[in-house]
Amino acid sequence: MINERMNAALNEQVNAELYSAYLYLSMQAYFQKMNLKGFVNWMNVQVQEEMAHARGLYDYIQERGGEIVLEAIAKPDLKWNSPLQVFEDVLKHEQLVTSKINNLADIADETKDRAAGLFLQWYIKEQVEEEASVSDVLDTLKLIKSDSNALLALDRELQARVFNPPVIG
Ligand code: FEO
């Protein structure tokens, strides 16, 4: 049985992951308007990853005999003037998620929940990968500046990203 504090914190993280999916869905719509199909694909994969992250936490709460409490998902802010701005926001958001996951790991330590601590290792490693893949795109966008040919080349590159359903835990 999971302790109440850990249960509540994991429910909050389900919400945070679903918000992430919602945020990336709004970014996908932004790129759809610009007709940048590779960026659309990248965001589409990102949305699916976030849904999988939420599902992984949901399943874990269930497995541990906890209670699922689903709160409202916040409305994402939709103010971007360029792909660069979008990816600056993606990196900021992923850094925030990393701090939330680290906080969950702290709660697992404080409540001596060894099983939750082990489970969260997967999310800790995933955040390293998430930040790295976002930083790759962001660094390229910084180099591109206003070179539209270079932007289209990056768009073609991002077309190659595929969703591989993760095995969590
Ligand atoms: Fe689920 Fe992008 O963190």
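Just so it is clear, the model here is predicted, and its values are computed rather than measured.

### Digging into the nonpolar core
One broad rule of soluble globular proteins: the nonpolar side chains tend to lie buried together. Membership of the largest hydrophobic core comes to 26 residues, with the highest contact counts inside it found for Phe31, Phe39, Met43, Val86, Phe87 and Val90. If you list the elements that add at least two residues to this core, you get α1 (4-34), α2 (37-63), α3 (83-110), α4 (114-144) and α5 (148-158). Among the elements that make up this core, the one with the highest residue count is α1 (seven residues). Not counting the four nearest positions on each side in its chain, valine 86 is found in contact with Met27, Tyr30, Phe31, Met43 and Trp80. If you look at the next biggest cluster of nonpolar residues, it comprises 19 residues, including Ile2, Met6, Leu57 and Leu104.

### Structural notes on α3
When the terminal C-alpha atoms of α3 are compared, their 41 Å separation across 28 residues agrees well with the 40 Å that a helix rising 1.5 Å per residue should span. Of the residues one or two after α3, lysine 112 is the one with positive phi, at around 50°.

### Some remarks on the layout of surface pockets
Of the voids in this model, the largest pocket is the one considered here, and its volume is about 230 Å³. Ala9, Glu12, Gln13, Ala16 and Lys100 are, among the 16 residues lining the largest pocket, the residues nearest its centre. Listing elements by their share of the lining of the largest pocket, those giving two or more residues are α1 and α3. The dominant element in the lining of the largest pocket, judged by the number of residues it contributes, is α1, at nine residues. Here the lining of the largest pocket is composed, by residue class, of eight nonpolar, five polar and three charged.

### Considering the side chain of serine 20
Note on placement: serine 20 falls in helix α1. Serine 20 sits in the buried class, given a relative accessible area of 0%. Among the polar contacts made by the side chain of serine 20, one reaches the main-chain carbonyl oxygen of alanine 16 at a distance of 2.9 Å. Setting aside residues no more than four positions away along its own chain, serine 20 makes contact with Glu50, His93 and Val97.

### Some thoughts on the environment of alanine 150
Assignment of secondary structure puts alanine 150 in helix α5. Classification of alanine 150 as partly exposed rests on a relative accessible area of 24%. Each C-alpha atom of the pair alanine 150 and threonine 140 lies 9.1 Å from the other, and the pair is 10 residues apart in sequence.

Thresholds, definitions, all that
Residues numbered from 1 in each chain as written. Predicted model: local features only at pLDDT ≥ 70, side-chain atom pairs only at ≥ 80, totals over all residues. Heavy atoms only, no water. Core = buried A, V, L, I, M, F, W, Y, C linked by side-chain atoms within 4.5 Å. Buried < 20%, exposed > 50% of the residue type's maximum accessible area, 1.4 Å probe, protein only. Helix = DSSP H or I, 4+ residues; strand = E, 2+ residues; numbered from the N terminus. Contact = heavy atoms within 4.5 Å. Expected span 1.5 Å × (residues − 1). 1 Å grid on protein atoms, 1.4 Å probe; cavity = no way out; pocket = protein on both sides within 12 Å on 5 of 7 lines; lining within 4 Å. Points joined across faces, edges and corners; volume = space filled by probe spheres on them. Nonpolar A, V, L, I, M, F, W, Y, C, P; charged D, E, K, R; others polar. Polar contact = N/O pair within 3.5 Å; in protein donor to acceptor, adjacent residues only side chain to side chain.

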